[in-house]
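Given next are the chains, with one letter for each unit.
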Amino acid sequence: MNLFRPILLRPNIVKKLNLLFSDVETKGKIQGAERASIEFRKIYRDIENEFIETKKVIEQQKKSNDNNFDILISKLDSLTQEKFFGKTSEDKGNRSV
């Protein structure tokens, strides 16, 4: 008679033995960590998308500010030349030699 045969025929006993020899707490922690990692991935993606959108807005504002600064510097240059030399940069370009 084979003593191991009845165990193989009863899956319930095998499950109980597995449960007895396995670390349930560690398995639960692993499952919890897996669920948490899925949630954190979602949150990370949301934060990453928000960062990308904010970066785009900042870049657009920077370009707009650069253009405004160039215009203001050009006006300042023109006014400075007019004050010191009595001529604007446009007059200077139209001057005949």
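Since this is a predicted model, take the numbers as computed values, not measurements.

Quick question: what am I supposed to make of the overall build of the chain here?
The helix and strand tally for the chain stands at four helices and zero strands. Secondary structure elements of the chain, listed N to C terminal, follow the sequence α-α-α-α. In the chain, buried positions account for 3% of the 97 residues. For the chain, the exposed surface amounts to about 9600 Å²; the carbon and sulfur share of it is 60%.

Which parts of the structure should I look at to understand the pattern of salt bridges?
Oppositely charged side chains are able to pair whenever their charged atoms sit close together. Counted according to the given criterion, the structure contains two salt bridges. Between Lys-42 and Glu-39 there is a salt bridge, with the nearest N and O atoms lying 3.6 Å from each other. Of this pair, Lys-42 and Glu-39 both sit in helix 3 (residues 24–85), three residues apart, roughly one helical turn. Its relative accessible area of 43% is what places Glu-39 among the partly exposed residues.

Honestly, a nonpolar patch on the surface in this entry has me stumped. Any pointers?
Side chains of Phe-40, Ile-43 and Ile-47 sit close together on the surface and give an oily, nonpolar patch of about 330 Å² of accessible area. Within the secondary structure layout, Phe-40 lies in helix 3.

Help me understand the confidence of the model for the chain in this model?
Overall, the prediction assigns the chain a mean pLDDT of 79, with 74% of residues at 70 or greater. At the low end of the mean pLDDT range in the chain sits helix 1 (residues 5–9), at 51; at the high end sits helix 3, at 89.

Hey, could you run me through the environment of Thr-80 in this one?
Here Thr-80 lies in helix 3. Taking the relative accessible area as the measure of exposure, Thr-80 reaches 33% and is therefore partly exposed. In this structure the side chain of Thr-80 is engaged in a polar contact, spanning 2.7 Å, whose partner is the backbone oxygen of Leu-76.

Conventions adopted
- Residues numbered from 1 in each chain as written.
- Predicted model: local features only at pLDDT ≥ 70, side-chain atom pairs only at ≥ 80, totals over all residues.
- Heavy atoms only, no water.
- Helix = DSSP H or I, 4+ residues; strand = E, 2+ residues; numbered from the N terminus.
- Buried < 20%, exposed > 50% of the residue type's maximum accessible area, 1.4 Å probe, protein only.
- Areas by Shrake-Rupley, 256 points an atom, 1.4 Å probe, with all protein chains shown as cover.
- Salt bridge = Lys/Arg side-chain N within 4 Å of Asp/Glu carboxyl O.
- Patch = residues over 30% accessible without salt bridge, like charges linked within 9 Å, V, L, I, M, F, W, Y side chains within 5 Å.
- pLDDT = per-residue confidence, 0-100.
- Polar contact = N/O pair within 3.5 Å; in protein donor to acceptor, adjacent residues only side chain to side chain.

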